[in-house]
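Structural characterization, general
What follows is the residue order along each chain.
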Amino acid sequence: MPTQNLTVYFIEKVPEDILQGLGWVKMDYNIAQRLQIPVKYTEVITILNPEPYCCPIQPEDKLLWIKPNYQSHYYIHPPEIRGKNKKFLLHIKGENIALYTQYSLTTEAIVQNDYHFY
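Residues numbered from 1 in each chain as written. Predicted model: local features only at pLDDT ≥ 70, side-chain atom pairs only at ≥ 80, totals over all residues. Heavy atoms only, no water.

Quick word on the overall build of the chain
- Tallying secondary structure elements over the chain gives two helices and six strands in all.
- The order of α-helices and β-strands along the chain, N terminus first, is β-β-α-β-β-β-β-α.
- Expressed as a percentage of its 118 residues, the buried residues of the chain come to 33%.
- Partitioning the contacts of the chain with sequence separation of at least 6, the portion at a separation of at least 24 is 57%.
- Accessible surface, the chain: about 8000 Å² in total, of which carbon and sulfur atoms supply 52%. (Helix = DSSP H or I, 4+ residues; strand = E, 2+ residues; numbered from the N terminus. Buried < 20%, exposed > 50% of the residue type's maximum accessible area, 1.4 Å probe, protein only. Contact = heavy atoms within 4.5 Å. Areas by Shrake-Rupley, 256 points an atom, 1.4 Å probe, with all protein chains shown as cover.)

Rendered as structure tokens:
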């Protein structure tokens, strides 16, 4: 089956740890719609730093306790869609699906992300 209508989906490189960055997966748009594969990440993701202070106390003047390398937010940018890729053929819900993935993505990242590619 020709895959001329490819759509890019961004997934976590390490499942459940977005701070490790994102990778990309391309698949046929019509198949993704039919299988109801959600689009989780589409742009720069901003994550609030959950631990800005070096001590677990709540001092009056918190500025004295803020970590020296404190960042109020982390920004995770989707990767550029270029370079080497890998092709996977998956059998999902009775269909053979072709996925083209960023070369650095592991098989674990593909099958354990929220896209449920298994």
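Thoughts on the packing of aromatic side chains
- Summed over the entire model, instances satisfying the criterion amount to zero aromatic pairs.
- Taking the ring centre of Tyr103 as reference, the NZ or CZ of Lys84 above it sits at 5.3 Å.
- In this structure, Lys86 packs its charged tip against the face of Tyr103, placed 5.7 Å from the ring centre. (Phe/Tyr/Trp six-rings, centres within 6.5 Å; stacked < 30°, edge-to-face > 60°. Lys NZ or Arg CZ within 6 Å of the ring centre and 35° of its normal.)

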